[in-house]
Amino acid sequence: MAKKQFKTESKRVLELMINSIYTHPEIFLREIISNASDAIDKLCYLSLTDERVGLQRADFRIKIGVSEETRMISVSDNGIGMTREELESNLGVIARSGSLKFRNEMEKSGEASDLDIIGQFGVGFYSAFMVSDRVTVITRAYGSDTAYKWESAGTDGYTIEEWQKDGVGTDVIMRIKPDAEESEYTRFLNDMSIGQLVKKYSDFIRWPIVIDAVEAEEVETGETDADGKPVMKQISKTVERTINSRVPIWQRPKDEVSQEESDEFYQNIYYDYEPPAETIRVSAEGQVAYQALLFIPGRAPANFFSDLFEPGLQLYSNGVMIMERCKEVIPGCFRFVRGVVDSPDFPLNISRETLQSGRQLRIIQTNIEKKVKNALRRLMDEEPEKYEKFYAAFGLHLKYGVVENYGEKKDLLTDLLMFYSSKEKKPVSLRAYKEKMLPEQKRVYYVCTDSIASAESLPQAEQIREKGYEILYMTDDVDDFIVRRLESYEDVKFCNITNDDLGLETEEEKAEAEKQQAQYRTLLDFIKETLGEGVADVRLSRKLKSHPVYLTSEGEISIEMEKYFALMKGDMSQKIKARRVLELNASHAAFKSLEQAFETDKDRAEKLAKILHSQALLIAGLPLENPAEYTELICGLF
Ligand code: ADP
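Scope of this entry: the structure provided in the associated data block. Fair warning: this is a prediction, and the values are worked out from it, not measured in the lab.

With mixed pairing, eight strands are arranged side by side in an open sheet as S5-S4-S3-S6-S2-S1-S7-S8. Looking along the sheet, the strands with just one partner apiece sit at the ends: strand S5 (158–163) and strand S8 (230–242). When the angles between neighbouring strand axes are averaged without regard to direction, this sheet yields 25°. Running over the sheet, helix H2 (residues 27–49) touches strand S1 (62–67), strand S2 (72–77), strand S6 (169–176) and strand S7 (209–224) and is turned about 20° from S2. Packed on one face of the sheet, helix H6 (residues 191–202) meets S1, S2 and S7 and runs near 135° to S7.

Looking now at the packing of aromatic side chains. Here the structure, examined in full by the defined rule, presents 27 aromatic pairs. The interplanar angle of 40° and the centroid separation of 5.7 Å between the aromatic rings of Tyr 266 and Tyr 270 together place this pair among those described as tilted. Remark: Tyr 270 and Tyr 266 occur in helix H7 (residues 259–270); sequence separation between them is four residues, near one turn of the helix. Centroid distance Tyr 387 to Phe 390: 5.4 Å. Interplanar angle 45°. Geometry classified as tilted. Placement of both Tyr 387 and Phe 390 in helix H10 (residues 384–407) is noted, with a separation of three residues, approximately one turn of the helix.

Quick look at unusual backbone geometry now. Residue Asn 405 is not a glycine yet carries a positive backbone phi of 50°. With respect to the helices and strands, Asn 405 occurs in helix H10. On the accessibility criterion, Asn 405 (56% relative accessible area) is exposed. In the Ramachandran plot, Tyr 406 falls in the positive-phi region, its phi being about 55° despite a non-glycine side chain. Here Tyr 406 shows up in helix H10.

A word on the environment of Arg 378. Relative to the assigned elements, Arg 378 resides in helix H9 (residues 359–382). Overall, the relative accessible area of 27% leaves Arg 378 in the partly exposed class. Note: C-alpha distance between Arg 378 and Glu 278 (100 residues apart in sequence) is 9.7 Å. Beyond its immediate sequence surroundings of up to four residues, Arg 378 is in contact with Glu 278 and Glu 383. Only 3.0 Å separates the side chain of Arg 378 from the side chain of Glu 278, close enough to count as a polar contact.

It is worth spelling out the pairing of S7 at this point. Each regular strand shows side chains that alternate between the opposite faces of the sheet. Bridge count between S1 and S7: three bridges; the pairing is parallel. Paired with Lys 63 across the strands is Val 210, a residue of S7. Looking at chain direction, S7 and S8 are connected through twelve bridges and run antiparallel. Bridged to Val 210 within S8 is Thr 242. Counted between consecutive antiparallel strands, the loop separating S7 from S8 contains five residues, among which Gly 228 sits at a positive phi close to 90°.

In the vicinity of the ligand there are 13 residues, among which Asn 35, Asp 77, Asn 90, Gly 124 and Phe 125 approach most closely. Within the backbone of Phe 125, a nitrogen or oxygen atom sits 2.8 Å from an oxygen atom of the ligand. Considered on its own, the ligand offers 530 Å² of accessible surface; in the complex 75% of this is hidden by protein. Mapped onto the shell around the ligand, the elements with two or more residues apiece are H2 and helix H3 (84–91). When residues of the shell around the ligand are assigned to their parent elements, the largest contribution, three residues, is made by H2. Residue classes in the shell around the ligand are distributed as six nonpolar, five polar and two charged.

Enumeration over the complete set of coordinates arrives at 42 salt bridges. When salt bridges that share partners are traced, they join Glu 278, Arg 378, Glu 382, Glu 383 and Lys 386 into one network.

Attention now goes to the packing of helix H15 (residues 479–486) against helix H18 (residues 559–567). Two elements in contact, H15 and H18, have axes separated by 9 Å at closest approach and are oriented at 130°. The angle between H15 and H18 falls in the class oblique. For the crossing formed where H15 meets H18, the hand is left-handed. Where H15 approaches H18, its residues Asp 480, Phe 481 and Arg 484 are matched on the opposing element by Glu 560, Met 561, Tyr 564 and Phe 565. Residues of the contact of H15 with H18, tallied by class, amount to four nonpolar, no polar and three charged.

Here is what the cut-offs are and how they apply
Residues numbered from 1 in each chain as written. Predicted model: local features only at pLDDT ≥ 70, side-chain atom pairs only at ≥ 80, totals over all residues. Heavy atoms only, no water. Pairing = 2+ DSSP bridges. Helix = DSSP H or I, 4+ residues; strand = E, 2+ residues; numbered from the N terminus. Axes fitted to C-alpha atoms, helices over the stretch in contact; angles between N-to-C directions. Contact = heavy atoms within 4.5 Å. Phe/Tyr/Trp six-rings, centres within 6.5 Å; stacked < 30°, edge-to-face > 60°. Buried < 20%, exposed > 50% of the residue type's maximum accessible area, 1.4 Å probe, protein only. Polar contact = N/O pair within 3.5 Å; in protein donor to acceptor, adjacent residues only side chain to side chain. Near = heavy atom within 4 Å. Areas by Shrake-Rupley, 256 points an atom, 1.4 Å probe, with all protein chains shown as cover. Nonpolar A, V, L, I, M, F, W, Y, C, P; charged D, E, K, R; others polar. Salt bridge = Lys/Arg side-chain N within 4 Å of Asp/Glu carboxyl O. Parallel < 35°, antiparallel > 145°, perpendicular 65-115°, else oblique. Left-handed = near helix turned anticlockwise from the far one by under 90°.

Here's what the structure looks like:
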């Protein structure tokens, strides 16, 4: 029989799998059982509407066989089975879930380890090759009279031929590798260890997982002893034993589920090699009765910020999974949350339409939203280190959540945000900022910059630092939009130290400044004219202490926003420009020189104005329109 080759990319994953440094080869059993369970789900679902299936709920089961002599482990299900085409397309191609494309991308960026990839997606069926040197699949699809045998010994391809099989379903038969230095595979070949693995990884599978066990039984021999009592003898008898308890972990009483068990559940189901940052149990009665087991991951899956990430919680109707990823029960801003929602009120044949119009799910969503927020708040207050780690992973996502949909979720999320503090030298919450405000302080001071280092050296910050006020350094593109959306935090207004009135001057000081401004009007107008389109206005600064100039903006669009849009391609980037305002420090020597030149040498005054403007652009992190001219001007000073 001609051997077929695996698709090239599959081969690579398979090689990776076989030679994997993966530390838990034992997960193969979980993967094979989970496929069997899915196959039964499918047939059971069909049986609800199709009488021809001829099986009742109670008839479905997964059977495991182990033989040390032949070194075989088999996992048989009476699920939906596979047609020949399905065998080809399902087992001939590995990792259709996008893991390979992803792996290639990550390889390019040099970021992913093998462990990461396998951990991320699971390679399902192929994990059998971690422990087997030959895998045989005998399957008969529902509705088909013919069965097929698929067989493969690894990377050199597979064969498919017609076969005989009673009843619909699939047998996966694995020949366990000989013991090797890296692993003693024989350990999998006994009932006890298989039983333990099932308990550990597949206890909550809702179909019975049975294994043949040999039990000793006492039976009468038919003879009687001297006292007339029947003589007994022991015989061995093979009985089917159900290994799994089948009660889903979220349906068990909270105090009977240990943290380790629930961590293990999370790690197995969501392929994370770390336990979650936080676990949330919900048991709701009232309007809608449901149970939920939710997890807040401690790290973002590598595909979290890409389209490959599929958000949503698993939906169960009293222990039966009815939807793999339901987005309707969790708001987008918390899309990183993983877990399960189970309600006896959910119909088994739930559809997208019912979901969207369902009041039930809206109530659940609102409720879950609150629970997640409270859990995060608790983490922030009681386990700040864990929260910081969580925030490093998902903080940016929360930030986008604040501004998306016209700020619909801003009240929910504001207290979860953190920004880098000039004093603490680490991210702090707005609440922490407010609590540490000095008694006379009236604003939440912040600045949007490219980096912490450039914020530290901003000329505009001097005055605020001198007062002992804390400044929040906002370095993400989205930050500026957040502050504009929020405007204030608990009635304390945000103040952008580069743009806004700092609120530090007395009325007299303000009047004095206005007077000075008027006094220099002609000079300021002259500078404005010299700079032409480059600036919308030129003013005297009320913030600068030791620096000569800086650039600010007036109106809706800030310089940071302009920079943000400039990164995007297309029309928008051309149209969105800040109204730039050049501010000068009247007590600086540079200004005095300019003033003098304005009286005596207009040509030199023009040059000095251009130099100061260029310097302001540089400090603001903006490109110079004509760097050559700037260099020439500077050299002209010598
Ligand atoms: P995944 O389960 O993540 O889709 P797998 O590699 O484990 O990936 O399995 C590939 C596909 O093969 C499954 O999606 C399913 O369609 C099919 N399959 C695997 N095992 C069985 C089984 N026991 N019965 C029916 N179909 C199966």
